Amino acid sequence: MSTPSITPEETTVRAELRAWLAAHWQVDRSLVAWRHLLVDSGWGMPHWPREWHGRGLPVALLPAIDAEFEAVGAVGVARIGIRLLAAATLLEHGSDDHKRRFLRRILSGEDTWCQLFSEPGSGSDLAGGTTRAEFDGTRWVVNGQKLWTTSAHHAHWGLLLARTDWDAPKHQGLSFFVIDMHQPGVEVRPLKQMNGYASFNEVFFTDAVVPANNQVANTGDGWKVAMTTLAHERRNADALRRWGHASPHAGRIYDEERAEIATVMEPYRWYPQRAGRVDLALPRARSTGRMADPAVRQELAKLLMLSRASEWLAQRARHAKQSGKPEGPEGSLGKLVASHVARAAAEVHALISGADAMLAGADSPENGMIAEILLSVPATSIAGGTDEIQRNIIGERVLDLPREPRTDAGPFRDIPRNPPRPRG
Amino acid sequence: MSTPSITPEETTVRAELRAWLAAHWQVDRSLVAWRHLLVDSGWGMPHWPREWHGRGLPVALLPAIDAEFEAVGAVGVARIGIRLLAAATLLEHGSDDHKRRFLRRILSGEDTWCQLFSEPGSGSDLAGGTTRAEFDGTRWVVNGQKLWTTSAHHAHWGLLLARTDWDAPKHQGLSFFVIDMHQPGVEVRPLKQMNGYASFNEVFFTDAVVPANNQVANTGDGWKVAMTTLAHERRNADALRRWGHASPHAGRIYDEERAEIATVMEPYRWYPQRAGRVDLALPRARSTGRMADPAVRQELAKLLMLSRASEWLAQRARHAKQSGKPEGPEGSLGKLVASHVARAAAEVHALISGADAMLAGADSPENGMIAEILLSVPATSIAGGTDEIQRNIIGERVLDLPREPRTDAGPFRDIPRNPPRPRG
Amino acid sequence: MHFGYTDEQEQFRGIVARFLRERAPVSAVRAQMASERGHDPALWRGIAGELGLTGVHVPEHLGGQGFGLEELCIAQEEFGRALTCAPFFASTVLATTALLEIADEAEQEALLPALVAGERVGTLAWVEQGGDWSASACAMLATPAADGVRLNGHKHYVIDGLAADRLLVVARTPGSVGNAGLGLYAVEADAAGLVRRGLETIDTTRRQAALVLTDCPARRLGAGRDFTSGFARLMDRATIALAAEMVGGAHALLDAAVDYAKLRMQFGRPIGAFQAIKHKLAEMLLEVELATAAVRYAAAAADANDAETSLLASHAKAMASDASMRAAVEAVQIHGGIGFTWDNDTHLWFKRARSSAVLLGDAALHRERYIALTEAAA
Amino acid sequence: MHFGYTDEQEQFRGIVARFLRERAPVSAVRAQMASERGHDPALWRGIAGELGLTGVHVPEHLGGQGFGLEELCIAQEEFGRALTCAPFFASTVLATTALLEIADEAEQEALLPALVAGERVGTLAWVEQGGDWSASACAMLATPAADGVRLNGHKHYVIDGLAADRLLVVARTPGSVGNAGLGLYAVEADAAGLVRRGLETIDTTRRQAALVLTDCPARRLGAGRDFTSGFARLMDRATIALAAEMVGGAHALLDAAVDYAKLRMQFGRPIGAFQAIKHKLAEMLLEVELATAAVRYAAAAADANDAETSLLASHAKAMASDASMRAAVEAVQIHGGIGFTWDNDTHLWFKRARSSAVLLGDAALHRERYIALTEAAA
């Protein structure tokens, strides 16, 4: 594969940005003030449209632009957390009023956001939510409960999917709103997981209010809007990996950025453990002497092979995409194989650790890391779509197998569903 | 568990039978003549009703009665093959005329039978058969195709399930017949399997004829009758194991019985191989030196444990049954676990055999036995109900999980189904 | 040998199950796992006094009920099903069986009644850090002293090692290696030179401790008997009893998953109506039933002093480890996100399963042992 | 290093696939597997002459196309997909690669053109009865004689050993052990003292033979090169190429199962609408795609002379063995009873998968080798 050559456009853009950074970048500025400059200049989201804080540049130029920022150590706009999901959703489906009111403060980092889709009664069946929004003539009144809401306790705004029509089929009775999280009708409670962390929240709505002008798209179009949000979720995971590490530099603006990153990344602290920490398997097999056990060697080989091959599969997907070829089945397989890797890794860690696999915390291997792997790994095959849902998707969308007969057609009101969860 | 004590009834019956055998059993009689004596006396099927060749004795006495036969080496009535399925079905659903015409010659061994249920288009979905029987005013005319028919090439009579009503729901449009296999409209062809054997047949019907008095039960009751036949299938497998071995004694009647057994057992010759021959795994691991390989030891242990535990599960089921307790889930699990055992055994045999697993026949281990195991094993998880069907049954009947939505209700005519298989 | 339960055994199971349902529901489990001690003395008195379970396999002349391992395993299955927080495994399965199999008769008469009565809680400390489960790996030294013996060394993963007030410690004479020189020693809970420290465990329903013994006074037990064979019999029985507890837990996980699959609606139907869930549950049932059969057969064999007992213990443990982990993983999966929450009970059994899968040796270890014993028997 | 295919490589694959679709459909496979010779010389001439595949990885100055293992693997994937009955693996993958990696330049110039042109069919005979795939296990003796060398010994599992007329035999000098004293020897098909016997195989689409050599005249090849490293390179490349063929076969099995699941109606719907079948197929796809990625990565690494090539060859073979057996077993299962019949084509690929899973070492062997190489690299 040939390396793409540098285009004249790239040279021009780089020069322009370099000059702008030389003129504006200062380490002792406040983070927010600097980001407003970025927003005004369009250099914060250069691929966004000119009318909305961008410069309308092609996505292909982003690596070059990032390189210029890195060269002088300049901080970018706020990019981690749910905020860019909100931005992408509003850019596509929001009104100009929405964009005016929300986009700037998303990029400046002044506002944080959360996503209010999942409910206790609708997990895999996300379109089966029963949180209701009723229009009282001037504003929407919201009642119900959402779950698995990352950072709801920090968020100023929430992306809310709520049912507005109980007689329409389930996907057509939903509408989409931006809800103010700081109001009396919204209660946020931490949701403790089996691994001891509380990275998510439950959110209870009791006559919470959404002004009419905070509805996104038309009544009944909520599912379509939510699909846009979800389509950006994978990119968001990439953003976390890419922008979730604080800069080591000294200076006021870096200090403020470090604080922001620490807050946003807190819920994701155990994510590497839920993925099974394959990287620890081989070193631990060596350091414990368990490498001498042929049964360990077999299982370790299976794990390492599975894990590496899954990376190659992802590379093939990226390569195909970069070459402009239609994406093969690799993309859809990534989530499912990640589950297999995580489960296999947990089993290998238990096999390697032996009796120590019973222990936790400071008494246990890698200062509690192995215990955390063993207790976090079930999340991988559930969160973001269970393995069962992934196999359905692969079967139907990749292999084009026929769908199952539906039992949830017709008016939502008549579809059998879960009783409301008692508020403990 | 206490051994049941001998009842006075048992003592009386044993004495009576002993006397009868002493008076009638002769080694140099013809097999058929002897069996007619058994039928007349009721000692051939002593638990059958007195009016139909039996003595109305309780099933619990059968072991004692068998023991008396064994004591003098007396041959019993014909019991292996499909014939006792036919007898059980006719005893329960047949008219007196059917019983008069068919039962005696079943027991004497003069007639052999086959079962005509499965079709190319309806395997798991046995009730979806499309072989049609139409009444022309005096007799039924049959057209269609059946599959997986053991011993159809020897059979005088067939138990036929055929569709007589295309407007009824699928289970209600079937009727049950006894069809004469020796007629021009019936063509039997051997069906060669992937393992090289041809143990089954395809049977083609082209305007084959069934006289009106060979219909069993009422039109539309065919599924109910077929269920009786299938309920006896498991017992039939037991009968094969128990009565499928020829006696080593010398004499005319034994010679004739040996010939009968050889014919009936021919299609079952590879059944032990399809079950994976767990018994060979340990000896072969030893004799090949592969026992030294820890990977082999792990897989061998898994296999041996699975296999032994499955026997204990079966024992528990039998024990519960004998104790008059409700049968636990063990019974329904037997078929599924047999599949797991067979697959695991094939993998272990391949692992043990290494390069030799590529070979067959006289060039290969155990004179071709291993190759036969490797190529026969897929049958276990398919024949007699696929693993998928077994898991459905366990889920719904044992665990009482809800059924899937049906897509085959309403008139059979309207249910999507497979096109007829071209006759090659 | 058969291993279907008699009516009497089923009645016994019913009594234990009802007692635990009433006295140790999951709310009690949650309370105890968060408590200082880790178990409820009142419940323990009930188990010992009302049910007499602490002496179920102890001969009647020693104050027990005179039943066998089969009955002990029935109790263990129910403790596993209920996830009872009680020192039953440490005190009754490990310590009591150790005294039965290793101690001399006079020592049994002296020490067993308090354990059987539930007045004292025993435990067995044999394994050391690193987790080699065989006694032959023991490094703890027993040095003769004027008034008995002094022990020096460490013990790890000691089940209920803090709650126990009767410690049975495996140690070896100086200079000995392998199985030679090993012996069982009684150490008082308040002995000088004994330092106990609670270990943090993933399964907080069963506590563990680390012991450090420094010139700790101890008393040799079973000097008149062969330690190696007695310890082997103890380990076989403890392994089978642990496997029994594990299949009990696996049944509880399976039942919870089945119940949830019947209730939980998605896409307009109970999730148990989807083959993905239905077939998973069918396979879980099969695996749990197979492991249960293996456990019961092994228990019956042990009671019959069958020559295959060691092999069957490994058989039971290997299958119970795999089946209970499979049941645990899939039960969480079937519960979905809810199953990953702290408030849902599934994780309590998951953690026990995860921990028990390696306790007394993992499945791979017992498979290797099974083959080694098969070879030795050939 | 990347391992997405270039447009040129995809075009090449298309040409091979179309050729095989037209000239070697499954009817031809069935005809050839029942034939005396086991392959169709006309097809072989087409593969060699029209497509030039027999020289795909041979340098241009030796009459080849000058491509690498990647292109050889593309051809192998398609041969596996089509289950082509042709001596490609024996002659092009084994014998031709053996000459490239082991023989001297002059020998290559003398021997390769006939193989590249498809005029002669080569094979490699290195493994002996019992099936130790390493050359170091070789017992065949090469004794110096007046006019060259005499070989004495047996060879087994010789792929296309009857069809081949250019035999490359691994033998050792008397008294040597392990990797010392090993060499590659050319034996003419009509050599005195060579007795060849066809072996009965479960996969009748690829024949095997046993050879007995008694004072058989032979010629040493590659005396000027290091046999051990050359043979290791040969085995890595042959292993990767075999794995490529296997994933091609696995894709064919998967495609057949998917097609059948869409068409086959039971209970009023296509069986592919049942999760039991749909999810099984999704897992098959995942496993096959992972193995395919491993094969392609290994091929690219080999062409780049990556230091990890041996490890990656084991990686590819282990995953291809498991994935293709899984695909084979499940493809039969999804076809149900029909899939167990001789007339259905599934069993042809099943038998190839079963056989290839152990050829050049089974998955367990390659997993152990993978770890050993990982350790050696550390």
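Only a predicted model underlies this, so the values are computations on that prediction, with no experimental measurement involved.

(A) Spatial organisation of the overall build of chain C. If you tally the helices and strands in chain C, you get 11 helices and 9 strands. Computed over the C-alpha atoms, the radius of gyration of chain C is 21 Å, within 12% of the 21 Å expected from 2.2 N^0.38 for a compact globule of 378 residues. Projecting the C-alpha coordinates of chain C onto the three principal axes gives extents of approximately 80 × 50 × 40 Å. Taken across its 378 residues, chain C has 66% of its residues classed as buried. Taking contacts inside chain C between residues at least 6 apart in sequence as the whole, the part at least 24 apart equals 75%. Carbon and sulfur atoms provide 52% of the accessible area of chain C, an area that totals close to 12,000 Å².

(B) Molecular detail of the overall build of chain A. The helix and strand tally for chain A stands at 14 helices and 8 strands. Taking 424 residues into account, the globule formula puts the C-alpha radius of gyration at 22 Å, and chain A, at 24 Å, falls close to it. Along the three orthogonal principal directions, the C-alpha set of chain A runs to about 70 × 65 × 45 Å. Each of the 424 residues in chain A was classed as buried or not, and the buried ones make up 56%. Excluding contacts between residues fewer than 6 apart, the proportion of contacts in chain A whose partners are at least 24 apart in sequence is 71%.

(C) Layout of the interface of chain B and chain C. Contact residues are listed per partner, giving 40 residues for chain B and 45 residues for chain C. Buried surface at the junction of chain B and chain C, both sides included, amounts to about 3,700 Å², of which 66% is carbon and sulfur. Our count for the chain B to chain C interface comes out at 14 residue pairs in polar contact (both at pLDDT 80 or more). With 16 residues, helix α11 (residues 294-322) of chain B is the single largest residue contributor to the side of chain B that touches chain C. Partitioning the side of chain B that touches chain C into residue classes produces 21 nonpolar, 7 polar and 12 charged.

(D) View of the pattern of salt bridges. Within this structure, the stated rule accounts for 124 salt bridges over all chains. Salt-bridge contacts for R354 of chain D lead to E347 of chain B; the nearest nitrogen and oxygen are separated by 3.0 Å. Of this pair, R354 of chain D sits in helix α10 (residues 346-358) while E347 of chain B sits in helix α12 (residues 330-353), placing the two residues on different chains. The partner of E78 of chain D in a salt bridge is R13 of chain D, and the shortest N-O contact between them spans 2.6 Å.

(E) How the structure looks around the packing of aromatic side chains. A full pass over the atoms with the stated rule returns 44 aromatic pairs over all chains. Seen in terms of ring centroids, Y197 of chain A and W270 of chain A are 6.3 Å apart; in terms of plane orientation they differ by 20°. Their pairing is stacked. Here Y197 of chain A is found in the loop between β6 (186-191) and β7 (200-211), whereas its partner W270 of chain A is found in the loop between α8 (252-265) and α9 (271-274), with 73 residues between them in sequence. In terms of burial, Y197 of chain A and W270 of chain A fall into one category: buried. Arranged with centres 5.6 Å apart and planes meeting at 25°, the rings of W270 of chain A and F340 of chain C form a pair that is stacked. Linking W270 of chain A in the loop between α8 and α9 with F340 of chain C in the loop between α9 (309-339) and α10 (346-356), this pair reaches from one chain into another.

(F) Focus on unusual backbone geometry. Phi is positive for N367 of chain A, close to 50°, though the residue is something other than glycine. Of note, N367 of chain A is situated in the loop between α12 (330-353) and α13 (369-376). According to the relative accessible area criterion, N367 of chain A is exposed, its value standing at 63%. A positive phi is found at F267 of chain C, a non-glycine position, where the angle reads about 55°. Residue placement: F267 of chain C occurs in the loop between β8 (265-266) and β9 (269-270).

(G) Here's a closer look at empty space enclosed by the protein. All names here are of chain C. Within this structure, the stated rule accounts for 10 cavities of 30 Å³ or more. Looking at the second largest cavity, its volume works out to about 120 Å³. Around the second largest cavity, the lining is made up of 16 residues, and of these T84, C85, A86, F88 and R352 lie nearest the centre. Elements supplying a minimum of two residues to the lining of the second largest cavity: α4 (69-82) and α5 (88-102).

(H) Here's a closer look at the domain arrangement of chain A. Taken domain by domain, chain A consists of domain 1 (8-77 + 238-262), domain 2 (111-222) and domain 3 (270-398). The C-alpha centroid of domain 3 of chain A is placed 34 Å from the C-alpha centroid of domain 1 of chain A.

(I) Structural view of the pairing of strand β2 (residues 132-135) of chain B. Residue and element names in this part refer to chain B. With 4 bridges joining them, β2 and strand β3 (residues 139-146) adopt antiparallel strand pairing. The partner of A133 across the bridge, within β3, is V142. Hairpin connection between β2 and β3: a loop of 3 residues separates the two successive antiparallel strands, and G137 in this loop has a positive phi of roughly 110°.

(J) Structural context of the interface of chain C and chain A. On the side of chain A, 53 residues touch chain C, which itself brings 43 residues to the contact. Summed over both partners, the interface of chain C with chain A comes to about 3,900 Å²; 59% of that surface belongs to carbon and sulfur atoms. For the chain C face of the interface with chain A, the top three residues by lost area are F267, Q333 and F340 of chain C, together amounting to 20%. There are 5 salt bridges connecting chain C and chain A.

Analysis parameters
- Residues numbered from 1 in each chain as written.
- Chains lettered and ligands numbered in written order.
- Predicted model: local features only at pLDDT ≥ 70, side-chain atom pairs only at ≥ 80, totals over all residues.
- Heavy atoms only, no water.
- Helix = DSSP H or I, 4+ residues; strand = E, 2+ residues; numbered from the N terminus.
- Rg over C-alpha atoms; globule rule 2.2 N^0.38 Å.
- Buried < 20%, exposed > 50% of the residue type's maximum accessible area, 1.4 Å probe, protein only.
- Contact = heavy atoms within 4.5 Å.
- Areas by Shrake-Rupley, 256 points an atom, 1.4 Å probe, with all protein chains shown as cover.
- Buried area = accessible area lost by both parts, 1.4 Å probe.
- Polar contact = N/O pair within 3.5 Å; in protein donor to acceptor, adjacent residues only side chain to side chain.
- Nonpolar A, V, L, I, M, F, W, Y, C, P; charged D, E, K, R; others polar.
- Salt bridge = Lys/Arg side-chain N within 4 Å of Asp/Glu carboxyl O.
- Phe/Tyr/Trp six-rings, centres within 6.5 Å; stacked < 30°, edge-to-face > 60°.
- 1 Å grid on protein atoms, 1.4 Å probe; cavity = no way out; pocket = protein on both sides within 12 Å on 5 of 7 lines; lining within 4 Å.
- Points joined across faces, edges and corners; volume = space filled by probe spheres on them.
- Domains from an automatic or database assignment.
- Pairing = 2+ DSSP bridges.

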